[in-house]
Amino acid sequence: MIRNQAVSSRSRRLVKAALPPIDSESSDSENDSDPINTISKNQLDSDNSSEINEFDSDTSDPPSFSNLEELLDIVNMPVFDEIGNPFDVDCIGNNNIIEPPLDLTIFPTPENLSIDNNRSESLDNNSISISGSEKRRISTPVEQRKSMRLEQLMSFKWSNNFNFPVDIPHYNFKEIAKEILTPYEYFKMFFKDEIFELIVTNTNLYSSQNFENPITTNVDEIRNYIGIELLMSIVSMPAYTDFWSTNLRYEPIASIMPLKRYQLLRRQLHFVDNLTIDQSDRYAKIRPILEHVKQNFLSVEQGKKFSIDEMMIPYKGTKAGTRRQYIRNKPKKWGFKMFVRAGVDGFVYDLFPYGGENTFHRTTFTNYENKFFGLGQKVVIELSKSIPDKSLSVLYFDNWFTSLELVSYLRKKFGILSLGTIQQNRLRGCNIIPDKQLLKKGRGHYSTKSDNKKNKYPLLNGLIINV
């Protein structure tokens, strides 16, 4: 029997244990026909000699190889190589075992093992490469996350001279309301009739596409539905069905619309055609409503001073996916995050939702803006574009948005002045007095640094005095 592959050490030990002792009579008499005569006494190690001596001390006749072959089914026993891979056994009549030399090139040895020092230093000895006829990687290094830092930073030359000769003119509103309108009239200014018509068209379209009996709603019914939703946000109940229940019936809602009709509208309300939706827009389902409301906000006369910040639309549901955000310092921590630009009176003039990587999928930035600005700075630039009179307008924002590159760019590109707090890692080499030392000097002290070549840009660190 010839085996064309290497026999595992386990199979070899099993065969050695099953053989009669080498120096016994049966072994000498059957030497010519011994099926494993290639195994000599010199090939047996000291560990197996004790197993062979057990047959010498046994008074009974030793078991023959044929009986053990039938008992153990050695012929049909699966055979594996040294690395555990199974292979087929070809049987030939001479019953000799031929063990070809094992290919050791697949195993690393001191001769063919080399370490890439440069790579190992950068990955803390986590990568080893094998040189030779076949190279294999022992371990795969963990791919490190790419840094989100800016691609390029501006350089500043700081001086102690504070030179900022800009006077902010006072803005007088041209349109002054002569009378105070009702809340419904103010609501109609921003939620105009074309928005109701848009809802009616897309709701009826969705209903006809998916149901045998279309809902067939109209503008008056949609107005009533939105009024119910607004009133439900003020008057709370354990469940919305309680407004129509016998014990908790709320007449201002229950008398406007039956419960089943309300549930039907609630199920089929749509603002866009699903067949023509933009799949890359995470807010495509409500994008038409957002754009209409935004344009109505921009139609109101704006001043010259604005604040840019994040705003939360409260939502604790589970159907929004990752669109639902969490901001720890907000009064309403869970909801949809919006970036807004508001006036000094608190009125919102411009806004857009945060959509992760697709936040600016509808906006095109220049190469300069992509080079120097990250997410926070791009938010300020996007919201600044809708300011009607940009020259000498003032923007206020916190340290999440502020960078020296942004302040310089707003002044140079749009003529917009800006003021904001800044993080320590964005000072660009400006050595200002630390806050702890400044506090020791008392109330009213401050420290300034400026780069007069970049539009007379100042950087101030001090205690604000309330006048």
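Please read all numbers here as calculations on a predicted model, not as lab measurements.

Calculation rules
- Residues numbered from 1 in each chain as written.
- Predicted model: local features only at pLDDT ≥ 70, side-chain atom pairs only at ≥ 80, totals over all residues.
- Heavy atoms only, no water.
- Helix = DSSP H or I, 4+ residues; strand = E, 2+ residues; numbered from the N terminus.
- Buried < 20%, exposed > 50% of the residue type's maximum accessible area, 1.4 Å probe, protein only.
- Contact = heavy atoms within 4.5 Å.
- Areas by Shrake-Rupley, 256 points an atom, 1.4 Å probe, with all protein chains shown as cover.
- Core = buried A, V, L, I, M, F, W, Y, C linked by side-chain atoms within 4.5 Å.
- pLDDT = per-residue confidence, 0-100.
- Salt bridge = Lys/Arg side-chain N within 4 Å of Asp/Glu carboxyl O.
- Patch = residues over 30% accessible without salt bridge, like charges linked within 9 Å, V, L, I, M, F, W, Y side chains within 5 Å.
- Phe/Tyr/Trp six-rings, centres within 6.5 Å; stacked < 30°, edge-to-face > 60°.
- Lys NZ or Arg CZ within 6 Å of the ring centre and 35° of its normal.
- Axes fitted to C-alpha atoms, helices over the stretch in contact; angles between N-to-C directions.
- Parallel < 35°, antiparallel > 145°, perpendicular 65-115°, else oblique.
- Nonpolar A, V, L, I, M, F, W, Y, C, P; charged D, E, K, R; others polar.
- Pairing = 2+ DSSP bridges.
- Right-handed = clockwise from strand over helix to strand, strands pointing away.
- Polar contact = N/O pair within 3.5 Å; in protein donor to acceptor, adjacent residues only side chain to side chain.

Tallying secondary structure elements over the protein gives 15 helices and twelve strands in all. Relative to its full complement of 467 residues, the protein shows a buried share of 33%. Across the protein, contacts joining residues at least 24 apart in sequence account for 58% of those joining residues at least 6 apart. Of the accessible surface of the protein, which amounts to about 30800 Å², a share of 51% is contributed by carbon and sulfur atoms.

Our next topic: the nonpolar core. Within the largest apolar cluster, 29 residues are counted, with the highest numbers of intra-cluster contacts made by V380, L395 and L410. Listing elements by their share of this core, those giving two or more residues are β5 (305-314), β8 (348-353), α13 (375-384), β9 (394-397) and α14 (404-413). When near neighbours in sequence (up to four residues on either side) are disregarded, L410 contacts V380, S384, L395, F397, G415, I416 and S418. Counting residues in each nonpolar core, the second largest holds 27 residues, with F190, I215, F243 and W244 among its members.

In the predicted model, the protein carries a mean pLDDT of 74, and 63% of its residues have values of at least 70. Confidence drops under pLDDT 50 across residues 1-5; counting only partners more than four residues distant or on other chains, this segment forms 24 contacts. Long-range and interchain partners of residues 91-150, a stretch whose pLDDT sits below 50, account for 73 contacts in this model, where long-range means more than four residues apart.

Quick look at the pattern of salt bridges now. Side chains bearing opposite charge may pair, as long as their charged atoms lie close to each other. In total, this model carries 13 salt bridges according to the counting rule given. Across the salt bridge formed by D193 and R223, the nearest N and O atoms sit 2.7 Å from each other. Highlighted residues: D193 in helix α7 (residues 193-210) and R223 in helix α8 (residues 219-234), separated in sequence by 30 residues. With its nearest N and O atoms 3.2 Å apart, the salt bridge here joins K304 to D389. Pair noted here: K304 is in the loop between α11 (287-298) and β5 and D389 is in the loop between α13 and β9, with a separation of 85 residues, a long-range link. Using a relative accessible area of 43% as the deciding quantity, one classes D389 as partly exposed. Residues participating in the shared-partner salt-bridge network are D281, R287, E291 and R362.

Turning our attention to unusual backbone geometry. A positive phi is found at T216, a non-glycine position, where the angle reads about 55°. Within the secondary structure, T216 sits in the loop between α7 and α8. Residue L392 is not a glycine yet carries a positive backbone phi of 60°. Tracing the sequence through the fold places L392 in the loop between α13 and β9.

Take a nonpolar patch on the surface next. Together, I180, Y186 and M189 line one region of the surface with nonpolar side chains, adding up to about 320 Å² of accessible area. Following the sequence through the fold, M189 ends up in helix α6 (residues 183-190). Judged by its relative accessible area of 35%, M189 falls in the partly exposed class.

To continue, consider the packing of aromatic side chains. Evaluation of the coordinates by the stated rule reveals 27 aromatic pairs. Seen from their ring centres, F360 and F365 are 5.2 Å apart, and the 80° between their planes marks the pair as edge-to-face. In terms of burial, F360 and F365 fall into one category: buried. Three or more aromatic residues link up through ring pairs in this structure, and these residues are F339, F352, Y354, F360, F365, W400 and F401. A cation over a ring is seen here: K337 above Y354, with NZ or CZ 4.2 Å from the ring centre. The ring of F306 carries R341 above its face, with NZ or CZ at 4.7 Å from the centroid.

The subject of this paragraph is the packing of α7 against α11. Running from N to C, α7 and α11 cross one another at 175°; their axes reach a closest spacing of 10 Å. For the element pair α7 / α11, the angle class is roughly antiparallel. Residues E194, I195, L198 and I199 of α7 touch α11, and the partners they reach there are P288, I289, H292, V293 and N296. Each residue belonging to the contact of α7 with α11 can be placed in one class, and the counts come to six nonpolar, two polar and one charged.

With that settled, consider the pairing of β9. Relative to β9, β5 runs parallel, the two sharing three bridges. When the bridges of β9 are listed, F306 appears paired with L395. Two elements, β9 and strand β10 (residues 417-420), share four bridges in a ladder whose sense is parallel. Its bridge partner lying in β10, V394 is registered against L417. The β-α-β motif built from β9, the intervening α14 and the parallel element β10 has right-handed crossover chirality.

Mapped onto the secondary structure, Q325 falls in strand β6 (residues 324-326). Separated by 2.7 Å, the side chain of Q325 and the backbone oxygen of T322 make a polar contact. The residues contacting Q325, other than those within four sequence positions of it, are M312, K333, W334, G335, K337 and Y354.

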